[in-house]
Amino acid sequence: MIGRIPLSRKATISLQCEAAVAYDVLSDYGTYVDWMPLVQTSSVLARETNFAIAEIEFNAKPAHKFTLECIHAPTQMVLARSLSGHAFHLKMEWRIKTTAPGECQVTLTVEGPLFFSVLLGGYAKFMSPMATLRALKSQVATFASTLPSGEVLLEITDGEEGLMCTYKGKKYKMEPVI
Amino acid sequence: MVKVVNQIDSVRSVVFGVLTDFDKYPSWVPGCEKVIVTSRNENVTNLDITLNSMKKLTLSLKFECEPDVLIKFEMTAAADVKAYFGSYRLMNSEGNNGTVLVTELELDAGPMAPKFMVDRILKKSLDESGKALQKYAKTRPAPAPDAAAEPEPAVVSKKPKRSRCLLRVVKTDSGEEQVWYGGKTFAVR
């Protein structure tokens, strides 16, 4: 029964980006796999205006997918939690606050069963909100306007057109080889 | 409250049609023995249902339907159950024409049945019902083209992807080369 005791942890980080950028990253549940520590797969099953159903799989327990119900309030709050009535309770709540133009503060509260952090080392990082916030900081930095200026020798971007590479003034579309 | 998500490989209108065709429940809902519809108007249906899983139960239920989106149900009378209510929420599946069905169900069977045990049985029962629905919905005809063309509410158009930079190498005005990666700038020496 000890594994069912909920554990809650909270941390805050300041980001050099608009709240909308942080919100876009956090409400894009399908791309959690790109940046969130120890996440092996993530996908969105269905999405409506302020509600989505997503699936997430952790490295610590491959092949076990957590189904999450996600609620998002534009640029302020993103909440993802496991479905009620299931054995493992898991919750991530992100609060986003604009602190200055081009800057925001994100507070993450994670809740999970006690053994996530104590007994199974693979989940320990998930239960450390600061590690997740640092990963978020790296991710949002790729959207921010703090890039060095000057003559661009080489640049790789990811957008609507897919992965693009600019080299010696010419733009190339990048395709996976395998 | 137990909540379960099922992915059904049929369009939303078909799934909604199956879930609101109450007379047919005994042919696909596991443990459903009998359904008698007692009254029906546009979006509200009252019925008596006999379920036989952990125990035989006869419930009078009221269903309220919002076409293709939501079905709410609640108990209006029952002998052995204190509370029974829930909902089916239908969402378009991402990336295909299927449906994601979110089922919520609360059952209060009284002090003799511990809640954790009831919830475990309910979850298993809802998982089985989801599989049965998936199978049964496939036997139903696809909607007529004009019905399929009706606008479906609460569907979100995909947001344009925000462009991001993964790597940048620049030559600054002072002639120094800099590499930007992961939010950090490194000078090339």
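Residues numbered from 1 in each chain as written. Chains lettered and ligands numbered in written order. Predicted model: local features only at pLDDT ≥ 70, side-chain atom pairs only at ≥ 80, totals over all residues. Heavy atoms only, no water.

Enquirer: Just checking my understanding: could you explain the overall build of chain A for this structure?
Expert: If you tally the helices and strands in chain A, you get four helices and 10 strands. In sequence order, chain A lays out its α and β elements as β-α-α-β-β-β-β-β-β-α-α-β-β-β. In chain A, buried positions account for 48% of the 178 residues. Here the analysis covers contacts within chain A between residues at least 6 apart in sequence; of these, 45% occur between residues at least 24 apart. Carbon and sulfur atoms form 55% of the exposed surface of chain A, whose accessible area is close to 8700 Å². (Helix = DSSP H or I, 4+ residues; strand = E, 2+ residues; numbered from the N terminus. Buried < 20%, exposed > 50% of the residue type's maximum accessible area, 1.4 Å probe, protein only. Contact = heavy atoms within 4.5 Å. Areas by Shrake-Rupley, 256 points an atom, 1.4 Å probe, with all protein chains shown as cover.)

Enquirer: Where do I start with the packing of helix 1 (residues 12-20) of chain B against helix 3 (residues 115-138) of chain B in this structure?
Expert: Angle between the axes and distance between the axes: these two values describe a pair of packed helices. All names here are of chain B. It is the contact of helix 1 with helix 3, at a shortest axis distance of 10 Å, that shows an interaxial angle of 110 degrees. One way to sum up the angle between helix 1 and helix 3 is to call them roughly perpendicular. Both helix 1 and helix 3 take part in a crossing whose hand is right-handed. Contact residues: helix 1 offers V14, V15, V18 and L19, while helix 3 offers L133, Y136 and A137. Across the contact of helix 1 with helix 3, the residue classes break down as seven nonpolar, no polar and no charged. (Axes fitted to C-alpha atoms, helices over the stretch in contact; angles between N-to-C directions. Parallel < 35°, antiparallel > 145°, perpendicular 65-115°, else oblique. Left-handed = near helix turned anticlockwise from the far one by under 90°. Nonpolar A, V, L, I, M, F, W, Y, C, P; charged D, E, K, R; others polar.)

Enquirer: I'm lost on the sheet that holds strand 10 (residues 184-187) of chain B in this one. Help?
Expert: Through backbone hydrogen bonds, the strands of a sheet pair up, either in parallel or in antiparallel fashion. The strand order 10(A)-9(A)-8(A)-8(B)-9(B)-10(B) describes an open sheet built from six strands, whose pairing is antiparallel. Only two strands of the sheet have a single partner each, and these edge strands are strand 10 (170-173) of chain A together with strand 10 of chain B. Each neighbouring strand pair of the sheet contributes to a mean axis angle of 15 degrees, computed without reference to strand direction. In this structure, strand 9 (residues 162-167) of chain A lies alongside strand 10 of chain A, joined through four bridges in antiparallel fashion. Paired with T166(A) across the two strands is K171(A), which belongs to strand 10 of chain A. (Pairing = 2+ DSSP bridges.)

Enquirer: How do you make sense of the pattern of salt bridges when you look at a structure like this?
Expert: Any two side chains of opposite charge can pair, on the condition that their charged atoms come close. Scanning the model with the defined rule gives 16 salt bridges over all chains in all. One salt bridge connects R95(A) with E93(A), and the closest N-O pair in it is separated by 2.8 Å. Close ionic contact of E106(B) with K115(B) constitutes a salt bridge, the shortest N to O distance being 3.2 Å. For E106(B), a relative accessible area of 15% gives the class buried. (Salt bridge = Lys/Arg side-chain N within 4 Å of Asp/Glu carboxyl O.)

Enquirer: Just checking my understanding: could you explain the interface of chain A and chain B for this structure?
Expert: One frequent convention defines the size of an interface as the accessible area lost when the parts assemble. Between chain A and chain B, the contact holds 42 residues from the first and 39 residues from the second. Together chain A and chain B conceal approximately 3800 Å² of surface at their shared face, both sides included; 56% is due to carbon and sulfur atoms. Three residues stand out in chain A for area buried against chain B, namely E48(A), P148(A) and D158(A), and they jointly supply 17% of the buried area on that side. In this assembly, chain A and chain B are joined by five salt bridges. (Buried area = accessible area lost by both parts, 1.4 Å probe.)

Enquirer: I would appreciate a short explanation of the packing of aromatic side chains in the present structure.
Expert: The geometry of an aromatic ring pair comes down to the distance between the two centres and the angle between the two planes. The full count for this structure, using the stated rule, is 11 aromatic pairs over all chains. Seen in terms of ring centroids, F73(B) and Y88(B) are 5.5 Å apart; in terms of plane orientation they differ by 45 degrees. Their pairing is tilted. In this pair, F73(B) is assigned in strand 5 (residues 70-78) and Y88(B) in strand 6 (residues 83-92), connecting sequence segments 15 residues apart. Of the aromatic side chains, those joined through ring pairs into one cluster are F22(B), Y25(B), W28(B), F63(B), F73(B), Y84(B), Y88(B) and Y136(B). Looking at R89(B), its charged tip hangs above the ring of F51(A), at a distance of 4.1 Å from the centre. (Phe/Tyr/Trp six-rings, centres within 6.5 Å; stacked < 30°, edge-to-face > 60°. Lys NZ or Arg CZ within 6 Å of the ring centre and 35° of its normal.)

Enquirer: I tried to follow a nonpolar patch on the surface on my own but got confused; where do I start?
Expert: Residues and elements named next belong to chain B. Residues M54, F116, M117 and I121 make up a contiguous nonpolar surface patch of about 390 Å² in total accessible area. Structurally, the position occupied by M117 is in helix 3. Residue M117 is classed as partly exposed on the basis of its relative accessible area of 43%. (Patch = residues over 30% accessible without salt bridge, like charges linked within 9 Å, V, L, I, M, F, W, Y side chains within 5 Å.)

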